[in-house]
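# Residue-level structural notes
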Amino acid sequence: MKTYIIYILMLLAFTACSTGDSDNGVLPQGVNNPLNPSDEGPDENTRVDGSWLIPKDQVKDGGPGKDGIPSIDFPKFISADEATFLSDNDLIVGIIDDGIPKAYPHEILDWHEVVNDNDIAINYCPLTGTAFAWEAKDVDFGVSGLLYNSNLIMYDRNTQSNWSQLKLQCVNGSAIGNRPTLLKVIETDWKTWSRIYPKTEVLSLNTGFPRDYTTYPYGDYKTNHDRLIFSVSPTNDALPSKQRVFALINRGSSKAYKFSDFTDGKAFKDNFSFADYVIVGNSSLIYAFKLSENLKHLNFEYSHSNGEEFFKDDEGNAWNIFGEAIEGPRKGQVLGTANSVVSFWFAVAAFYPNIQLYSNK
(Lines give C-alpha, C1' and ligand atoms only; values in the text may rest on other atoms or scores of the structure.)
Protein backbone atom coordinates (compact mmCIF):
# COMPACT_ATOMS: atom_id res chain seq x y z
CA MET A 1 0.00 0.00 0.00
CA LYS A 2 2.85 2.36 0.81
CA THR A 3 4.39 1.81 -2.62
CA TYR A 4 1.01 2.39 -4.27
CA ILE A 5 0.52 5.71 -2.45
CA ILE A 6 4.01 6.86 -3.39
CA TYR A 7 3.34 5.93 -6.99
CA ILE A 8 0.06 7.87 -7.12
CA LEU A 9 1.77 10.91 -5.59
CA MET A 10 4.44 10.60 -8.26
CA LEU A 11 1.76 10.55 -10.95
CA LEU A 12 0.20 13.71 -9.59
CA ALA A 13 3.51 15.49 -9.18
CA PHE A 14 4.81 15.02 -12.71
CA THR A 15 3.54 16.82 -15.75
CA ALA A 16 3.78 15.44 -19.23
CA CYS A 17 6.74 16.86 -21.12
CA SER A 18 6.01 15.45 -24.59
CA THR A 19 3.73 17.21 -27.04
CA GLY A 20 4.52 14.76 -29.80
CA ASP A 21 6.35 17.26 -32.01
CA SER A 22 9.18 15.35 -33.67
CA ASP A 23 12.54 16.26 -35.02
CA ASN A 24 13.80 15.33 -38.46
CA GLY A 25 15.99 12.42 -37.43
CA VAL A 26 16.43 9.21 -39.38
CA LEU A 27 13.37 6.99 -39.34
CA PRO A 28 13.89 3.80 -37.33
CA GLN A 29 14.35 0.59 -39.23
CA GLY A 30 11.94 -2.28 -38.83
CA VAL A 31 8.89 -0.16 -38.06
CA ASN A 32 7.60 0.59 -41.53
CA ASN A 33 5.56 -2.47 -42.46
CA PRO A 34 3.12 -4.72 -40.61
CA LEU A 35 3.96 -8.37 -40.20
CA ASN A 36 1.10 -9.22 -42.53
CA PRO A 37 0.86 -6.41 -45.10
CA SER A 38 -2.57 -7.65 -46.21
CA ASP A 39 -3.81 -6.99 -42.68
CA GLU A 40 -2.93 -3.32 -42.84
CA GLY A 41 -6.45 -2.49 -43.93
CA PRO A 42 -7.81 0.73 -45.40
CA ASP A 43 -5.80 3.91 -45.45
CA GLU A 44 -5.81 5.30 -41.92
CA ASN A 45 -3.31 8.08 -42.57
CA THR A 46 -5.85 10.90 -42.70
CA ARG A 47 -4.80 13.44 -40.13
CA VAL A 48 -7.82 14.03 -37.97
CA ASP A 49 -6.38 16.74 -35.77
CA GLY A 50 -3.48 18.78 -37.09
CA SER A 51 -0.37 16.64 -36.89
CA TRP A 52 -2.13 13.64 -35.28
CA LEU A 53 -3.88 10.59 -36.74
CA ILE A 54 -6.06 10.41 -33.62
CA PRO A 55 -8.15 13.14 -31.99
CA LYS A 56 -5.63 15.26 -30.11
CA ASP A 57 -8.19 16.18 -27.45
CA GLN A 58 -8.42 12.47 -26.60
CA VAL A 59 -4.67 12.19 -26.02
CA LYS A 60 -4.37 12.27 -22.25
CA ASP A 61 -1.50 13.24 -19.97
CA GLY A 62 -0.83 10.10 -17.94
CA GLY A 63 0.99 12.01 -15.19
CA PRO A 64 4.67 11.06 -14.93
CA GLY A 65 5.70 12.72 -18.19
CA LYS A 66 8.08 11.52 -20.85
CA ASP A 67 10.25 8.69 -19.51
CA GLY A 68 8.68 9.20 -16.08
CA ILE A 69 7.91 5.50 -16.39
CA PRO A 70 11.41 4.32 -17.36
CA SER A 71 11.95 1.70 -20.03
CA ILE A 72 14.40 -1.11 -19.36
CA ASP A 73 17.18 -0.58 -21.88
CA PHE A 74 19.76 -3.05 -20.59
CA PRO A 75 17.72 -6.09 -19.53
CA LYS A 76 19.31 -8.87 -17.51
CA PHE A 77 18.02 -12.43 -17.51
CA ILE A 78 18.08 -15.34 -15.10
CA SER A 79 17.23 -19.02 -15.46
CA ALA A 80 13.81 -20.49 -14.75
CA ASP A 81 15.17 -22.14 -11.60
CA GLU A 82 16.36 -18.75 -10.34
CA ALA A 83 12.98 -17.09 -10.96
CA THR A 84 11.67 -18.02 -7.51
CA PHE A 85 9.66 -14.80 -7.30
CA LEU A 86 7.19 -16.17 -9.88
CA SER A 87 4.21 -18.27 -8.87
CA ASP A 88 2.23 -20.57 -11.16
CA ASN A 89 -0.55 -18.06 -11.85
CA ASP A 90 1.68 -15.05 -12.51
CA LEU A 91 1.30 -13.78 -16.06
CA ILE A 92 4.27 -13.47 -18.38
CA VAL A 93 4.90 -12.30 -21.93
CA GLY A 94 6.87 -14.92 -23.83
CA ILE A 95 8.89 -14.85 -27.05
CA ILE A 96 11.47 -16.99 -28.83
CA ASP A 97 14.53 -14.84 -29.56
CA ASP A 98 17.05 -16.54 -31.87
CA GLY A 99 15.92 -19.90 -30.57
CA ILE A 100 16.01 -18.83 -26.92
CA PRO A 101 12.71 -18.75 -24.99
CA LYS A 102 12.37 -15.58 -22.91
CA ALA A 103 9.75 -14.62 -20.35
CA TYR A 104 8.97 -11.05 -19.27
CA PRO A 105 6.89 -11.06 -16.05
CA HIS A 106 3.94 -8.72 -15.68
CA GLU A 107 5.28 -7.79 -12.24
CA ILE A 108 8.15 -5.98 -13.95
CA LEU A 109 6.30 -4.77 -17.03
CA ASP A 110 3.66 -3.12 -14.81
CA TRP A 111 6.35 -0.68 -13.67
CA HIS A 112 8.31 -0.17 -16.90
CA GLU A 113 6.00 -0.94 -19.87
CA VAL A 114 8.84 -1.09 -22.43
CA VAL A 115 11.85 -3.42 -22.57
CA ASN A 116 14.39 -2.70 -25.31
CA ASP A 117 15.96 -6.11 -25.75
CA ASN A 118 18.50 -5.86 -28.58
CA ASP A 119 16.40 -5.62 -31.78
CA ILE A 120 13.09 -6.30 -30.05
CA ALA A 121 10.85 -3.87 -28.16
CA ILE A 122 8.59 -5.67 -25.72
CA ASN A 123 5.77 -3.28 -24.87
CA TYR A 124 3.02 -3.79 -22.34
CA CYS A 125 0.26 -1.45 -21.22
CA PRO A 126 -0.98 -2.29 -17.70
CA LEU A 127 -4.08 -0.11 -18.09
CA THR A 128 -5.33 -2.09 -21.10
CA GLY A 129 -3.59 -5.41 -20.43
CA THR A 130 -2.04 -5.49 -23.91
CA ALA A 131 1.39 -6.81 -24.88
CA PHE A 132 3.25 -6.84 -28.19
CA ALA A 133 6.74 -7.57 -29.44
CA TRP A 134 7.91 -5.11 -32.12
CA GLU A 135 10.94 -5.47 -34.31
CA ALA A 136 13.18 -2.54 -33.40
CA LYS A 137 16.43 -2.49 -35.36
CA ASP A 138 18.71 0.42 -34.46
CA VAL A 139 16.03 2.14 -32.41
CA ASP A 140 14.85 2.20 -28.80
CA PHE A 141 11.35 3.00 -27.62
CA GLY A 142 10.35 4.87 -24.49
CA VAL A 143 7.16 5.70 -22.59
CA SER A 144 5.86 9.08 -23.76
CA GLY A 145 3.67 9.70 -20.72
CA LEU A 146 0.67 10.08 -23.05
CA LEU A 147 -2.35 7.81 -23.43
CA TYR A 148 -5.06 7.32 -26.01
CA ASN A 149 -8.17 5.40 -24.97
CA SER A 150 -6.30 4.56 -21.75
CA ASN A 151 -3.63 2.83 -23.84
CA LEU A 152 0.12 3.31 -23.98
CA ILE A 153 1.64 5.78 -26.43
CA MET A 154 5.32 5.09 -26.94
CA TYR A 155 7.87 7.26 -28.66
CA ASP A 156 10.89 6.22 -30.67
CA ARG A 157 14.16 7.81 -29.69
CA ASN A 158 15.33 8.29 -33.28
CA THR A 159 12.61 10.72 -34.34
CA GLN A 160 10.66 11.38 -31.11
CA SER A 161 7.54 10.23 -33.00
CA ASN A 162 4.58 8.92 -30.99
CA TRP A 163 3.25 5.39 -31.51
CA SER A 164 -0.16 4.18 -30.37
CA GLN A 165 0.34 0.65 -29.08
CA LEU A 166 -3.10 -0.85 -29.65
CA LYS A 167 -3.71 1.08 -32.86
CA LEU A 168 -0.43 -0.44 -34.09
CA GLN A 169 0.61 2.77 -35.79
CA CYS A 170 2.71 5.88 -35.44
CA VAL A 171 0.15 8.62 -34.88
CA ASN A 172 2.31 11.74 -34.61
CA GLY A 173 5.75 12.89 -35.78
CA SER A 174 7.94 12.37 -38.80
CA ALA A 175 7.24 8.60 -38.79
CA ILE A 176 3.48 9.26 -38.87
CA GLY A 177 1.46 6.52 -40.53
CA ASN A 178 4.17 3.87 -40.21
CA ARG A 179 3.30 0.54 -38.64
CA PRO A 180 5.46 -1.74 -36.52
CA THR A 181 6.69 -5.11 -37.67
CA LEU A 182 5.06 -7.48 -35.21
CA LEU A 183 6.85 -10.51 -33.81
CA LYS A 184 5.22 -13.58 -32.33
CA VAL A 185 4.45 -13.12 -28.66
CA ILE A 186 2.57 -15.29 -26.17
CA GLU A 187 0.84 -14.11 -23.01
CA THR A 188 0.17 -16.88 -20.53
CA ASP A 189 0.82 -17.90 -16.93
CA TRP A 190 4.22 -18.92 -15.62
CA LYS A 191 3.12 -22.52 -14.98
CA THR A 192 2.19 -23.04 -18.64
CA TRP A 193 5.22 -21.29 -20.11
CA SER A 194 7.80 -22.89 -17.82
CA ARG A 195 6.43 -26.38 -18.43
CA ILE A 196 6.65 -25.93 -22.20
CA TYR A 197 10.02 -24.18 -22.02
CA PRO A 198 11.81 -25.29 -18.84
CA LYS A 199 15.06 -23.75 -20.13
CA THR A 200 13.50 -20.34 -20.60
CA GLU A 201 15.33 -17.19 -19.62
CA VAL A 202 13.43 -14.79 -17.36
CA LEU A 203 13.74 -11.02 -17.13
CA SER A 204 15.54 -10.33 -13.86
CA LEU A 205 14.28 -8.16 -11.02
CA ASN A 206 17.72 -6.57 -11.19
CA THR A 207 16.55 -3.77 -13.49
CA GLY A 208 18.67 -0.97 -12.10
CA PHE A 209 15.59 0.79 -10.70
CA PRO A 210 14.39 0.89 -7.07
CA ARG A 211 10.94 -0.65 -7.50
CA ASP A 212 8.96 -2.97 -5.25
CA TYR A 213 7.98 -5.54 -7.86
CA THR A 214 5.94 -7.47 -5.32
CA THR A 215 3.44 -4.60 -5.33
CA TYR A 216 0.97 -3.89 -8.15
CA PRO A 217 1.01 -0.11 -8.73
CA TYR A 218 -2.69 0.32 -9.60
CA GLY A 219 -4.50 -1.07 -6.57
CA ASP A 220 -7.69 -2.99 -7.48
CA TYR A 221 -7.63 -1.83 -11.10
CA LYS A 222 -7.31 -5.30 -12.67
CA THR A 223 -10.33 -6.70 -10.83
CA ASN A 224 -12.60 -3.68 -10.46
CA HIS A 225 -14.71 -3.59 -13.61
CA ASP A 226 -16.18 -0.22 -12.67
CA ARG A 227 -12.84 1.53 -12.32
CA LEU A 228 -11.20 3.22 -15.28
CA ILE A 229 -8.49 5.75 -14.52
CA PHE A 230 -8.93 7.38 -17.94
CA SER A 231 -12.09 7.53 -20.03
CA VAL A 232 -12.43 5.63 -23.31
CA SER A 233 -14.73 6.00 -26.29
CA PRO A 234 -16.75 4.20 -27.39
CA THR A 235 -17.71 1.84 -24.59
CA ASN A 236 -19.10 -1.66 -25.00
CA ASP A 237 -20.83 -3.52 -22.16
CA ALA A 238 -21.08 -6.91 -23.88
CA LEU A 239 -18.54 -8.22 -21.35
CA PRO A 240 -17.18 -6.96 -18.02
CA SER A 241 -14.68 -4.23 -18.79
CA LYS A 242 -11.59 -5.97 -17.37
CA GLN A 243 -12.35 -9.43 -18.70
CA ARG A 244 -9.31 -10.69 -20.59
CA VAL A 245 -10.02 -11.75 -24.17
CA PHE A 246 -7.92 -12.91 -27.09
CA ALA A 247 -8.49 -10.71 -30.12
CA LEU A 248 -7.65 -11.01 -33.80
CA ILE A 249 -6.93 -7.69 -35.52
CA ASN A 250 -7.30 -7.40 -39.28
CA ARG A 251 -8.13 -4.54 -41.65
CA GLY A 252 -9.15 -2.18 -38.87
CA SER A 253 -11.54 -4.76 -37.40
CA SER A 254 -11.31 -7.23 -34.55
CA LYS A 255 -12.82 -10.49 -33.35
CA ALA A 256 -12.59 -11.50 -29.70
CA TYR A 257 -12.55 -14.93 -28.04
CA LYS A 258 -13.29 -15.59 -24.38
CA PHE A 259 -10.95 -17.76 -22.35
CA SER A 260 -13.98 -19.48 -20.83
CA ASP A 261 -14.73 -21.00 -24.24
CA PHE A 262 -11.39 -22.85 -24.11
CA THR A 263 -11.57 -24.28 -20.59
CA ASP A 264 -10.85 -27.89 -21.55
CA GLY A 265 -8.65 -27.06 -24.51
CA LYS A 266 -9.92 -26.45 -28.01
CA ALA A 267 -8.72 -26.03 -31.59
CA PHE A 268 -11.00 -24.96 -34.41
CA LYS A 269 -10.98 -23.13 -37.71
CA ASP A 270 -12.67 -19.76 -38.03
CA ASN A 271 -13.09 -17.13 -40.70
CA PHE A 272 -12.57 -13.47 -39.98
CA SER A 273 -12.22 -10.50 -42.31
CA PHE A 274 -11.93 -12.66 -45.44
CA ALA A 275 -9.17 -14.84 -43.98
CA ASP A 276 -9.11 -18.34 -42.51
CA TYR A 277 -7.52 -19.05 -39.14
CA VAL A 278 -7.00 -21.86 -36.70
CA ILE A 279 -7.66 -20.76 -33.12
CA VAL A 280 -6.04 -22.90 -30.41
CA GLY A 281 -6.08 -22.57 -26.67
CA ASN A 282 -7.00 -23.45 -23.13
CA SER A 283 -7.99 -21.45 -20.09
CA SER A 284 -4.43 -20.07 -19.79
CA LEU A 285 -3.35 -19.49 -23.38
CA ILE A 286 -5.00 -18.72 -26.71
CA TYR A 287 -3.20 -18.19 -29.99
CA ALA A 288 -4.16 -18.07 -33.66
CA PHE A 289 -2.57 -18.73 -37.03
CA LYS A 290 -3.57 -17.69 -40.52
CA LEU A 291 -4.10 -20.64 -42.84
CA SER A 292 -2.72 -20.56 -46.37
CA GLU A 293 -4.62 -22.13 -49.25
CA ASN A 294 -2.67 -25.38 -49.03
CA LEU A 295 -3.47 -25.81 -45.33
CA LYS A 296 -7.19 -24.97 -45.26
CA HIS A 297 -8.11 -28.63 -45.71
CA LEU A 298 -6.46 -29.67 -42.43
CA ASN A 299 -8.53 -30.33 -39.33
CA PHE A 300 -6.91 -29.45 -36.01
CA GLU A 301 -7.18 -30.81 -32.49
CA TYR A 302 -5.90 -29.47 -29.18
CA SER A 303 -3.32 -31.92 -27.80
CA HIS A 304 -1.27 -30.20 -25.11
CA SER A 305 -0.16 -32.06 -21.99
CA ASN A 306 3.28 -31.16 -20.61
CA GLY A 307 5.58 -31.11 -23.62
CA GLU A 308 6.11 -28.68 -26.46
CA GLU A 309 3.27 -30.08 -28.57
CA PHE A 310 0.23 -27.83 -28.33
CA PHE A 311 -2.06 -29.10 -31.12
CA LYS A 312 -2.10 -31.57 -33.98
CA ASP A 313 -3.86 -32.16 -37.29
CA ASP A 314 -5.39 -35.06 -39.20
CA GLU A 315 -2.34 -35.28 -41.45
CA GLY A 316 -0.15 -36.45 -38.57
CA ASN A 317 1.62 -33.19 -37.75
CA ALA A 318 2.25 -31.90 -34.24
CA TRP A 319 2.53 -28.13 -33.77
CA ASN A 320 3.95 -26.00 -30.94
CA ILE A 321 2.40 -22.82 -29.54
CA PHE A 322 4.24 -20.67 -32.09
CA GLY A 323 2.79 -22.64 -35.00
CA GLU A 324 5.88 -24.64 -35.94
CA ALA A 325 5.47 -28.28 -36.96
CA ILE A 326 7.72 -30.25 -34.59
CA GLU A 327 6.68 -33.71 -35.79
CA GLY A 328 5.10 -35.19 -38.90
CA PRO A 329 5.37 -34.76 -42.67
CA ARG A 330 5.41 -30.97 -42.39
CA LYS A 331 8.12 -30.85 -39.71
CA GLY A 332 9.89 -27.49 -39.82
CA GLN A 333 7.03 -25.68 -41.54
CA VAL A 334 5.51 -22.67 -39.77
CA LEU A 335 1.89 -21.59 -39.89
CA GLY A 336 1.04 -18.06 -40.96
CA THR A 337 1.03 -15.44 -38.23
CA ALA A 338 -2.15 -13.67 -37.18
CA ASN A 339 -2.10 -10.13 -35.83
CA SER A 340 -3.51 -10.68 -32.36
CA VAL A 341 -3.38 -9.58 -28.75
CA VAL A 342 -4.70 -10.46 -25.30
CA SER A 343 -6.56 -7.43 -23.96
CA PHE A 344 -9.00 -6.18 -21.39
CA TRP A 345 -12.36 -6.21 -23.16
CA PHE A 346 -13.03 -2.48 -22.80
CA ALA A 347 -9.77 -1.58 -24.56
CA VAL A 348 -9.93 -3.68 -27.70
CA ALA A 349 -13.64 -2.81 -28.02
CA ALA A 350 -12.81 0.91 -27.87
CA PHE A 351 -10.08 0.71 -30.51
CA TYR A 352 -12.14 -1.54 -32.79
CA PRO A 353 -15.78 -0.47 -32.31
CA ASN A 354 -17.12 -2.98 -34.83
CA ILE A 355 -15.58 -5.85 -32.87
CA GLN A 356 -17.17 -9.29 -33.20
CA LEU A 357 -17.47 -11.61 -30.22
CA TYR A 358 -17.08 -15.30 -30.98
CA SER A 359 -19.84 -17.60 -29.78
CA ASN A 360 -19.57 -21.37 -29.71
CA LYS A 361 -23.35 -21.75 -29.70
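Note that the structure is predicted; figures quoted are calculated from it, not measured.

Strand order in the open sheet formed by five strands is 1-8-9-10-11, and the pairing between neighbours is antiparallel. Strands with a single pairing partner mark the edges of an open sheet, and in this sheet they are strand 1 (59–61) and strand 11 (169–172). In this sheet, neighbouring strand axes are inclined to one another by 50 degrees on average, regardless of whether the strands run parallel or antiparallel.

Attention now moves to the pairing of strand 18 (residues 275–281). Here strand 18 lies mainly inside the structure; six of its seven residues are buried. Hairpin connection, strand 17 (residues 266–272) to strand 18: the antiparallel pair is bridged by two residues, and Ser273 has positive phi, about 50 degrees. As defined by bridge partners, strand 18 adjoins strand 19 (residues 286–290) across five bridges and the pair is classed as antiparallel. Note on strand 19: the bridge partner recorded for Ile279 is Ala288.

Let us look at the side chain of Thr192. Topologically, Thr192 is positioned in helix 3 (residues 190–196). Among all residues touching Thr192, those that are not within four sequence positions of it are Ser284 and Leu285.

Glancing now at the packing of aromatic side chains. Scanning all chains against the criterion turns up 24 aromatic pairs. When the centroid spacing of 4.9 Å and the interplanar angle of 15 degrees are considered together, the rings of Phe268 and Tyr358 count as stacked. Of this pair, Phe268 sits in strand 17 while Tyr358 sits in the segment after strand 26 (356–357), and the two are 90 residues apart along the sequence. Of the two residues examined, Phe268 and Tyr358, each falls in the buried class. Each member of the aromatic cluster is reached from another via a ring pair, and the members are Phe246, Tyr257, Phe262, Phe268, Tyr287, Phe289, Phe300, Phe311, Trp319 and Tyr358. Cation over ring: Lys242 sits above Tyr221, and NZ or CZ is 3.6 Å from the ring centre.

This next bit is on the nonpolar core. Core analysis: the largest hydrophobic core is formed by 50 residues, its most contacted members being Trp134, Phe141 and Trp345. Where this core is concerned, the elements lending two or more residues are strand 6 (120–125), strand 7 (130–135), strand 8 (141–148), strand 9 (151–156), strand 11, strand 15 (244–250), strand 25 (340–344) and helix 4 (345–351). By residue number, the principal contributor to this core is helix 4, which donates seven residues. Two domains share this core, each providing at least three of its residues, namely domain 1 (50–233) and domain 2 (241–360).

Counting all residues, the mean pLDDT for the protein chain is 89, and 86% of those residues have values of 70 or more. Considering only residues more than four positions removed or in separate chains, one finds that residues 1–43, a stretch of pLDDT under 50, has 105 contacts.

Pairing is mixed in the open sheet, where four strands are placed in the order 25-15-16-26. The open sheet has two free edges, formed respectively by strand 25 and strand 26, since each of these has just one partner strand. Examined bridge by bridge, strand 15 and strand 25 share five bridges and lie antiparallel to one another. Opposite Arg244, over in strand 25, you have Phe344 as the bridge partner.

Reading the values: rules and limits
- Residues numbered from 1 in each chain as written.
- Predicted model: local features only at pLDDT ≥ 70, side-chain atom pairs only at ≥ 80, totals over all residues.
- Heavy atoms only, no water.
- Pairing = 2+ DSSP bridges.
- Helix = DSSP H or I, 4+ residues; strand = E, 2+ residues; numbered from the N terminus.
- Axes fitted to C-alpha atoms, helices over the stretch in contact; angles between N-to-C directions.
- Buried < 20%, exposed > 50% of the residue type's maximum accessible area, 1.4 Å probe, protein only.
- Contact = heavy atoms within 4.5 Å.
- Phe/Tyr/Trp six-rings, centres within 6.5 Å; stacked < 30°, edge-to-face > 60°.
- Lys NZ or Arg CZ within 6 Å of the ring centre and 35° of its normal.
- Core = buried A, V, L, I, M, F, W, Y, C linked by side-chain atoms within 4.5 Å.
- Domains from an automatic or database assignment.
- pLDDT = per-residue confidence, 0-100.

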